[in-house]
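# Observations on the three-dimensional arrangement
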Amino acid sequence: MKAYYAIEQKRHDPKAFLSSGAPQPNPEQPERAERLLAGARAAGCEIERPANYGLGPIAAVHTPEYLAFLEHIFTRWRRIEGASEEVIPNIHPLARTGSYPASAVGQAGYHMADTACPISAETFDSTCWSAWSAVAAAEHVMSGAPAAYALCRPPGHHAFADVAGGFCFLNNSAIAAQHLRRSAARVAILDVDLHHGNGTQGIFYARPDVLTVSLHADPVRFYPFFWGHADERGEGPGLGYNLNLPLPRKSGDEAFLGALASAFQRMRAFAPDALVVALGLDAFEGDPLGGLSVSTPGFSRIGEAIAGLGLPTVVVQEGGYLCDALGDNLTAFLTGFEG
């Protein structure tokens, strides 16, 4: 399987975020990319640098207002006397309708859902290369390859069309799915991250051409809290095209695979022409963010089960944080997928 990654993705190096109101070291570290690269190589992947595809594939998912914000906000923020070293919002609108603030502080609150996605001088370039890795993987599958892996770091599934959140800025899985739509009438996105892919759901919530399915820790007491519940089914033309399968905390391999079987039933009824797997490895029992209890062999079984769908597949990296087994978990998934 080919894997796509660019060294520029490591330059985004967030220093902190707030957890329960307290500053903590940001867990979305550049070292994640090194561990994942080692895991992809151990699975036999050929690593290839993606092309620079420009903003076109990204703008197919994200608003021009938001992309202009991401590109220029750090420079504007640094002009504020006494501002923090990274762009971190301190105010959020109760409703995102009506007027648009002119100030950098107001726009940061408008376009950033939480404090977990600080923006530095390198963030926009890194996130573009992350997105281009997803586009390259989609291009490879569109050319006839059965599957490809995009090592996307920073991750993306918490990013909405015009909002960053949860370590995510550009929604790589959504960008890959939208790119696949150039040759596929229907695309399914299967999100197996520990956390609900709220941004992905939001982007496609009113669309019938992209089915979004997410397995994740029950958000009633877990991030992202306000999305990911079982009664969220889509709206308008997209009603019935979103499926959430929240799992009790500490659910292990058997519970996860059981939910995966339910996901497959819905996906087969949708009859997609292509599949995007939003691969979070933070469902691992030893992941520092905690929540679910999937084992390393469990990831192999998950990969094997997904491969059984027989669909052209783009695997897009989402979560999975620094622990000794991070690379091994990726290797297990990819080798399981390839049989």
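Residues numbered from 1 in each chain as written. Predicted model: local features only at pLDDT ≥ 70, side-chain atom pairs only at ≥ 80, totals over all residues. Heavy atoms only, no water.

A large share of strand 10 (residues 313–317) lies buried, amounting to 5 of its 5 residues. Side chains Thr-313, Val-315 and Gln-317 of strand 10 all project onto a buried face; the interleaved residues Val-314 and Val-316 project onto the opposite face, where all are buried too. Pairing between strand 5 (residues 147–150) and strand 10: 4 bridges, direction parallel. When the sheet's bridge partners are listed, Ala-147 is paired in strand 10 with Thr-313. Pairing between strand 9 (residues 274–279) and strand 10: 5 bridges, direction parallel. Paired with Val-277 across the bridge in strand 10 is Val-315. Taken together, strand 9, helix 9 (residues 296–307) and strand 10 form a β-α-β motif whose crossover is right-handed. (Buried < 20%, exposed > 50% of the residue type's maximum accessible area, 1.4 Å probe, protein only. Helix = DSSP H or I, 4+ residues; strand = E, 2+ residues; numbered from the N terminus. Pairing = 2+ DSSP bridges. Right-handed = clockwise from strand over helix to strand, strands pointing away.)

Applying the stated criterion across every chain yields a total of 13 salt bridges. A salt bridge links Asp-13 to Lys-15, with the nearest nitrogen and oxygen atoms 2.9 Å apart. Residue class for Asp-13 comes out partly exposed when judged on its relative accessible area of 26%. Counted as one network, the salt bridges with shared partners bring together Glu-28, Arg-32 and Arg-153. (Salt bridge = Lys/Arg side-chain N within 4 Å of Asp/Glu carboxyl O.)

By themselves, these figures tell us nothing about what the structure is for.
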